[in-house]
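Observations on the three-dimensional arrangement
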Amino acid sequence: MKDALLDSRGGQLLVGLAAGGAGVAGSYAATGYTPVFLVSPIERFLARTMPGAVVSFAITTLGSVGQQLNLVTAVVLAWLVLTVGAAGAVLAGRTASNRLLPALGTGVFTWTVAAGLTGELALSLGPALPAAGIVALAQVGDAYGGRAEPISSKRRRALSTVGVAVGATTLGFGAGERQNRQATRDLELSAPGADRRDIGTKLETAGSRTLDVDGIEPLVSENFFQVDINSIDPNPSADDWTLTITGEVEQDVTIDYDELQSMTATNQFSTLRCVGDSLNGRKIDTALWTGVPLQGLLEEAGPRGDCECVLLRSADGYEVEFPIEAFNRGLAVYGMNGSVLPRGHGYPVRAVIPGHWGEVNTKWLTEIEVLDREVDGYWEQRGWEGTGPVKPTATLRHDEMTENGRRLLAGHAYGGLRGVSTVEVSTDGGSTWSEATLSEPLPAADGDGRAEDAWRQWQYTYDPPGDTHTAVVRMIDESGTVQTDEETGPYPSGPSGWVSQEFQR
Ligand SMILES: Nc1nc2c(c(=O)[nH]1)N[C@H]1C(S)=C(S)[C@@H](COP(=O)(O)O)O[C@H]1N2
Ligand SMILES: [Mo]
């Protein structure tokens, strides 16, 4: 036919792009933001093959922007691959004068790519059908639409194909987003082994001990930071979940979600801090975690290994190795702040290991291997040294002028298992120091004394000197040790130094 959209190179490319976009969106509609979204394996591959130095730069300098760039790159790659397939099918159909080949070829190609990447046969119809549909639409347009006014209606056909593709893509992303909201809504915890009354009491206590300062996170964080090696988190189902303890043990032990939830659980406040955080950064937060002591699970297996160390593995391919001594203080956690552990924080089960950097708190936990000798985990393979105890920190999060012309400063202090006894503030650049007011410690897991591994809030109000001055904050742990003022960046073993800020008055 004369002046068919699909006869021109530009038209073929345009229809290919439209079909590819609809394909990516169709996949998203079928899967939501999960590992079986066809972009996910590409994103994972990019993240894994990126050199350690680039990953570290992305984390410490770009923060989550680095991850978003990676995701966008993966989306574009997926789109291009589907575009090439669709445009190729159109071209082949034209060359062979075969009317079935363009749409059918696009569908088969798209399905094959999606199924090959994700292993999902049925869900791969999600991308295949809309992609094939767009090509079929363009074909029908050419067959029936091009008769009256060839030139103008060709452009109109191009526009309407793109319009339909944009509409389908928008619908697809909307459907995917709806799935995401379903997957991430808060569910109240109802595990038989969890003491709901104790959870309620502890959360209430945390609320009442939170200082009355706007602008800093309450003692139980409202907006808990998240650090993941992938931008698309795994979404294992609790029904299929098991945890296996294996390696250098007397006997392998495997438990499932129901068994774990029926064991007696502990409710414990713990602060997490990422080794890749910056000096006054925001990758530090506190929650009330509900879970089963890991030591009891390990003893059932009978650990033997020579290194006194374990390797934790998880559903996203993450792994980390650290001492059994630290492991034995930890919990297999399935609840967070009285809710079912959210997907982004490791649903169905994560480890929470008091006193150590965030990275040992393995999310989507599936396996514990007792080792004979030490190995490097995911981050250690990339040069980080983040399996040990956290470094103490006092953050400066908030400052305001009060009504009577004084200045209020506030933040958090966290020293891991060394605790926080005092926070000191200097308003003359570190020459003289005064004690800040501290929030009362959060209660211990067994209700007796202070939580062994939780931050405290501090606040300090002073009459500002008339001119420019520098405020400095530092914490002192329970053995009287002052946090070091030696400044280091996060890489490789976590940031240290005193946080300071200059004020005009
Ligand atoms: N499976 C798995 N566990 C993981 C990670 C991950 O990417 N995958 N990130 C780790 C890092 S580096 C940190 S700092 C903490 C952050 O926990 P959060 O995301 O719940 O705040 O999880 C740790 N556990
Ligand atoms: Mo981390």
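Residues numbered from 1 in each chain as written. Chains lettered and ligands numbered in written order. Predicted model: local features only at pLDDT ≥ 70, side-chain atom pairs only at ≥ 80, totals over all residues. Heavy atoms only, no water.

1. Section: the pairing of strand E5 (residues 309-314)
Of all six residues in E5, five are buried; the element is thus mostly enclosed. Pairing of E5 with strand E6 (residues 319-323), which is carried by five bridges, proceeds in the antiparallel orientation. Each residue of the ladder has a partner; that of valine 310, found in E6, is phenylalanine 322. The turn linking E5 back onto E6 is made up of four residues, and glycine 317 within it adopts a positive phi angle of 90°. As judged from the five bridges shared by E5 and strand E10 (residues 365-370), these two strands associate in the antiparallel manner. By the bridge assignment, valine 310 is partnered in E10 with valine 370. (Buried < 20%, exposed > 50% of the residue type's maximum accessible area, 1.4 Å probe, protein only. Helix = DSSP H or I, 4+ residues; strand = E, 2+ residues; numbered from the N terminus. Pairing = 2+ DSSP bridges.)

2. Side note on helix H6 (residues 125-145)
Between its terminal C-alpha atoms H6 stretches 28 Å, which fits the 30 Å expected from 21 residues at 1.5 Å a residue. Those residues of H6 that fall on the buried side of the exposure criterion are Gly126, Pro127, Ala128, Ala131, Ala132, Ile134, Val135, Ala138, Gln139, Gly141 and Asp142. (Expected span 1.5 Å × (residues − 1).)

3. A word on the site of ligand 1
Contacts to ligand 1 come from 20 residues, most closely from Phe225, Asp316, His345, Arg350 and Lys363. Within the backbone of phenylalanine 225, an N or O atom sits 2.7 Å from an oxygen atom of ligand 1. Valine 227 is positioned with one of its backbone polar atoms (N or O) 3.0 Å from a nitrogen atom of ligand 1. Protein chains bury 100% of the 530 Å² of accessible surface belonging to ligand 1 in isolation. Its residues placed into classes, the shell around ligand 1 shows nine nonpolar, six polar and five charged. (Near = heavy atom within 4 Å. Polar contact = N/O pair within 3.5 Å; in protein donor to acceptor, adjacent residues only side chain to side chain. Areas by Shrake-Rupley, 256 points an atom, 1.4 Å probe, with all protein chains shown as cover. Nonpolar A, V, L, I, M, F, W, Y, C, P; charged D, E, K, R; others polar.)

4. Observations concerning the packing of helix H1 (residues 9-31) against helix H4 (residues 64-95)
Viewed as axis vectors pointing N to C, H1 and H4 meet at an angle of 135°, and their least axial separation amounts to 7 Å. Viewed along their axes, H1 and H4 adopt a mutual orientation that is oblique. Crossing of H1 against H4: the hand is right-handed. Packed against H1, whose contacting residues are Arg9, Gln12, Leu13, Gly16, Leu17, Ala19, Gly20, Gly21, Gly23 and Val24, the element H4 presents Ala78, Trp79, Leu82, Thr83, Ala86, Ala87, Val90, Leu91 and Arg94 at the interface. Partitioned by chemical class, the residues of the contact of H1 with H4 number eleven nonpolar, six polar and two charged. (Axes fitted to C-alpha atoms, helices over the stretch in contact; angles between N-to-C directions. Parallel < 35°, antiparallel > 145°, perpendicular 65-115°, else oblique. Left-handed = near helix turned anticlockwise from the far one by under 90°. Contact = heavy atoms within 4.5 Å.)

5. Observations regarding the sheet that holds E5
Reading across the sheet, the five strands line up as E2-E1-E10-E5-E6 and stay open at both edges, with mixed pairing between neighbours. Every other strand in the sheet has two partners, leaving strand E2 (253-256) and E6 as the edge strands with one partner each. The mean inter-strand angle of the sheet, taken between neighbouring strand axes irrespective of direction, is 15°. Where strand E1 (residues 242-247) lies against E10, four bridges are found, and the strand directions are parallel. Counted as the bridge partner of threonine 244 is glutamate 367 from E10. Helix H10 (residues 294-301) contacts E1, E2 and E10 of the sheet and is inclined by roughly 55° relative to E1.

6. Description of the domain arrangement of the protein chain
Split into domains, the protein chain comes out as domain 1 (5-183), domain 2 (196-382) and domain 3 (393-504). Placing the centre of domain 1 and that of domain 3 at their C-alpha centroids yields a distance of 51 Å. (Domains from an automatic or database assignment.)

7. Focus on the state of the cysteines
A complete count under the given rule lists one disulfide for this structure. Note that cysteine 307 is cross-linked by a disulfide to cysteine 309, the S-S spacing being 2.0 Å. Residues cysteine 307 and cysteine 309 are joined by a disulfide whose S-S torsion is about -85°; by sign, that bridge is left-handed. (Disulfide = S-S within 2.5 Å.)

8. Digging into the side chain of glutamine 483
Examined against the element boundaries, glutamine 483 turns out to sit in the loop between strand E18 (469-476) and strand E19 (499-503). Here glutamine 483 falls in the buried class, since its relative accessible area comes to 4%. Polar contacts involving the side chain of glutamine 483 include one to the main-chain amide nitrogen of methionine 475, which spans 2.9 Å.

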